[in-house]
Amino acid sequence: MTLTADLTDAMQAVPVGLRASTQRFFERLLDEHDIPGTVAKHGLARVAACSDFAAGVMLRDWPAVKERVGDVSAAIAADSLERFAAQFAESDQSLEDAKAMLRRERNRLLLHIYWRDVCGAASPDETLASLSLVADYLVRAAAEFAGRQMRLRYGEVRDRDGRAVRLVVIGMGKLGGGELNFSSDIDIIFAYPRDGSSDGAKELAAQPYFDRLSRQIVALLDDVTADGFVYRTDTRLRPFGDSGPPVVSFAALESYLLNHGRDWERYAYVKARLVGPVPPSDVENDLFDNLINPFVYRRYLDYGVFESLRDMHKMIAAEVQRRDLADNVKLGPGGIREIEFIAQTLQLVRGGSRPELRTPSLLTVLPRLIDAKSFNDETVAALLAAYRFLRKVENAIQAIRDEQTHELPSDAEDRARLCFAMAIDDWPAFTRLLSEHRAAVSRCFDEVTFRGQDDGESPTFRQNVAKLWESGCPVEEWRQLLEENEFPRAAELAAMIVNFRDAPATQKIGKAAAERLQTFVPRLLRLAGERANPARALRRSLSVVDRVLRRSAYLALLNENRLAAERLVRLCEKSSYIAAELARFPVLLDELLDPRLLTEPVPKAKLLAELRDSDRGAEQDDSESRMERLARFQRGQMFRIAVADFTGGLTIMKVSDSLTWLAEAVLEHTLAVAWADLASKHGEPCYEVDGKHCVAGFGIIAYGKLGGLELSYGSDLDIVFLHDSRGKRQETNGAKALDNAIFFQRLVRRMVHFLTTRTTTGELYEIDTRLRPSGRKGLLVTSVEAFERYQAENAWTWEHQALLRARPVAGSGLLAAEFRQIRNETLMTRVRLDTLKDDVLSMRARMRKELDRSNAGAFDLKHGAGGVGDIEFLVQYLVLMSAGENPDVIEYTDNIRQLDALAACGVVSAEKASELQDIYRAYRRRQHHLVLNDEPMQVADDEFEAERAAVIRTWDEVFGT
């Protein structure tokens, strides 16, 4: 058949080697169809010449193609894809018809994208984005169609609160990055946010329900039919790969990443992105903010990434040689994979502190890496140019036959197709350009891989330390080396390092850990030698290193991050508490990398939110797991507060606020968990008053330092438990009803068990309940009515003093209000003013006699004359004396604000109040640091001479002694 003039003209642009196959295509097409001249002018010959796949789609589907050719002047629009996906999802066609419809639409869309690409109408960025956009909507269409079929048969999956639970599809790899190639498979993970069961006639639990749904989605996309396939679908990146379930809950995914996630998976999850169906925003936030991002951007592994990248570099080189990958544009030297590794490595290293780097898109993140610590403009420009060129080559190769290949063609005709698609004159010109781009990538890859190998330490000193370490030389040679390098207390440091080197634990570590340790020792010695007390700094730092020898990722952190190593040594020198915490719980090294968290107290509401997130995924009946999570959370928060305290990031009042809010959050969370456990078995405690049915409330009342918002490190918690059950029918409303008193007794015992049981992370707090009515003889939990009777009829003066510091910290709001009313009435009307002075003086004298550890050379900060205790007793006496006439003095429970109130009411002068406040703060800061350094609450006798004298003077003025 003779070609039309338009087609003949179009053929003149086709390279000679491709004209015969192109003419055969035209002849076959003209046997059955007309080819309008407008179509011929739109690049039809170029498209057919470059791609057998494109030619085949046009031959099979010309009527539909002819209608769409005019649309190739514009990129594929999301709204048209959305319309198709919606129509497809709601259609009632058979599974086979649905597969055919998806495949034909896929081929038409890919033809559209390729047509624009090969004719130069689309940039490489547009092509990658369009391929990904099409994949998103086709996956979404398949998921919605299959989901609708499942709902028709089994109903909707709902959680125990009745909320609908839907499957989500997580795109990985290039699909996740929004930079899919032409004939790529798609890496996806199926997940669902919460457990539940379907509400249809035939009930299915969430796991089997979503297992079936995921298999239907894969079949819709992956099965090869007469119309081809939509996408080869790979789900092996899911937890445990092929051996794991096809679908995972968010809780199971979190557990896997936490306990089994490996370094290579961190690279993989950089690319994670939700592709469909579109979930509620809270589901997406939960998935990324609480599961994926903390795993990918874990700070304590960040700098170990360079080590893993160096290992990958060796593996890549070996793989290239073994598999002869020199012509592979993805895996070969200077290829696409190296660019991806460059970007992902720096994302892992720096994404923890720079949220803008947490993106799956390579094209987006590379420009954000332009700074003094990463790349200059020229390097990024070279990487972007190479990436776009290599991806265009990759697409051109794959589009020839719709095959997932990355090998440069060896066949002359396919080489001609590749050059024609790339608009390059010939094969030699193409290979020259390719070589230039690959060389630029390789240079950058080597620079990133081996950066940081020169860490600023003296090479000679490092080499000499390595020789002494490897040779097992005696202490004397170490001493000589350290003295030559002007180390203070060289003999003591030498003895420590030799003892550590020769210890059994050090001798038994593996090769990788030994190499990391040998790298770290010179740095540790140098940093310790720079401290004011180098021996203490080294001794305590070595105790931490000893505990991380078998988890050497922490050593990698210290090797790659000099700032973290400096902070470790400095904090170990300053605080035995911090050193001991790091030694017991090396995971706390993670906190050394984020000083932003150590400058402001974390509000209670945020702590509670973080605590709920940390507890998510624990089984309701798994008390051990929940206690461990709770202890780990509390330990990390307290450590951060201590570091901020010692580095000057927090004032003494903010330190106390932070410790207090942390304890309150732990109590509130523990109460919620314990209540839910008991209520699920027995129902909620109820009672009846005047025919009205009520749910009983429960509350935790804090006394002492917790009540006064002055908690310190290691403080126990003085708490009283109250409930407001009264009247008739005092029992729970569940199937296994309990008397309310028994319910509350079990609730308190369960809470105390949670709070005081020692786990692998230690115990949370020591709990002291002796301030409850009647002390140890009284009930563990008291009704509000009984508490009020006791305060009115039996409370001693010392109990009124204690009540000054009492406040509700968790539980029922109604009960809290009732407690405040009882407290106010007691402090204003029930204090025995006639004996108050004698009672206070008697109690203070007794405490000093039993507890004061002052001597000729030391002052007991807490119990010594003029110390913390005297200030507290002074404030308590003045508040109790004046509360009846000045109710404002009892509004707050802490000494600082009670002094403010006393000054405002004229009970003391403003100058006196300010003086006592300043002294009180100074004492408490010193107490904090003594606790953190594991030292007794004593200071040199002359350290607070002026302050002690001022307090004693005020004491004498008030009490006339």
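Above: the structure in question.
Just so we're clear, the structure is a prediction, and the values are computed from it rather than from any experiment.

Definitions and limits used
Residues numbered from 1 in each chain as written. Predicted model: local features only at pLDDT ≥ 70, side-chain atom pairs only at ≥ 80, totals over all residues. Heavy atoms only, no water. Helix = DSSP H or I, 4+ residues; strand = E, 2+ residues; numbered from the N terminus. Buried < 20%, exposed > 50% of the residue type's maximum accessible area, 1.4 Å probe, protein only. Contact = heavy atoms within 4.5 Å. Areas by Shrake-Rupley, 256 points an atom, 1.4 Å probe, with all protein chains shown as cover. Lys, Arg positive; Asp, Glu negative; His and termini not counted. Charge placed at Lys NZ, Arg CZ, Asp CG, Glu CD. Core = buried A, V, L, I, M, F, W, Y, C linked by side-chain atoms within 4.5 Å. Pairing = 2+ DSSP bridges. Axes fitted to C-alpha atoms, helices over the stretch in contact; angles between N-to-C directions. Polar contact = N/O pair within 3.5 Å; in protein donor to acceptor, adjacent residues only side chain to side chain. Salt bridge = Lys/Arg side-chain N within 4 Å of Asp/Glu carboxyl O. Expected span 1.5 Å × (residues − 1).

1. Brief notes about the overall build of the protein
Helix and strand counts for the protein stand at 42 helices and 17 strands. Principal-axis analysis of the C-alpha atoms gives the protein an extent of 125 × 90 × 50 Å. Per-residue burial for the protein yields a buried fraction of 56% across its 961 residues. Considering only contacts within the protein whose residues lie at least 6 apart along the sequence, 73% involve residues at least 24 apart. Carbon together with sulfur atoms contributes 49% to the accessible area of the protein, which is approximately 40,500 Å² in total. Averaging the coordinates of the 128 positive side-chain charges in the protein and doing the same for the 146 negative ones gives two points 2 Å apart.

2. Some words on the nonpolar core
If you look at the biggest cluster of nonpolar residues, it comprises 143 residues, and the most contacted ones within it are Met58, Phe210, Tyr269 and Phe430. With 14 residues, the top contributor of residues to this core is helix H9 (residues 124-154). Beyond its immediate sequence surroundings of up to four residues, tyrosine 269 is in contact with Met172, Ile189, Leu237, Leu253, Leu257, Ile292, Phe295 and Val296. Counting 105 residues, the second largest nonpolar core, distinct from the first, contains Leu493, Ile509, Ala513 and Leu527.

3. Describing the sheet that holds strand E9 (residues 692-695)
Strand order across the open sheet formed by three strands is E9-E8-E12, with antiparallel pairing between neighbours. Of all strands in the sheet, those with a lone pairing partner are E9 and strand E12 (728-732), marking the two edges. Averaged over neighbouring strand pairs, the angle between their axes works out to 20° when direction is ignored. Relative to E9, strand E8 (residues 685-689) is paired through four bridges, and the arrangement is antiparallel.

4. Overview of the side chain of arginine 948
Along the chain, arginine 948 turns up in helix H42 (residues 945-959). There is a polar contact of 3.0 Å between the side chain of arginine 948 and the side chain of aspartate 941.

5. Some remarks on the pairing of E8
Judged from the three bridges that link them, E8 and E12 form a sheet pairing that is antiparallel. Residue pairing for E12: glutamate 688 is matched across the bridge by lysine 728.

6. Here's the deal with the pattern of salt bridges
One pass over the structure, following the stated rule, counts 53 salt bridges. Note that aspartate 117 is salt-bridged to lysine 392, the shortest N-O span being 3.3 Å. Taken together, the positions of aspartate 117 in helix H8 (residues 95-118) and lysine 392 in helix H18 (residues 377-401) put the pair 275 residues apart, joining distant regions of the chain. A relative accessible area of 7% places aspartate 117 in the buried class. The shortest N-O distance in the salt bridge between arginine 926 and glutamate 943 comes to 2.6 Å.

7. Quick look at H18
An α-helical turn contains 3.6 residues, so a residue and the one three or four places further along point in the same direction. End to end, H18 covers 38 Å across 25 residues, agreeing with the expected 36 Å (1.5 Å per residue, within 8%). Downstream of H18 by a residue or two, aspartate 402 has a phi angle that is positive, lying close to 55°.

8. Some thoughts on unusual backbone geometry
Its identity as a non-glycine residue notwithstanding, alanine 423 has a phi of 60°, on the positive side. Here alanine 423 is to be found in the loop between helix H19 (412-422) and helix H20 (427-449). The exposure class assigned to alanine 423 is exposed, which follows from its relative accessible area of 66%.

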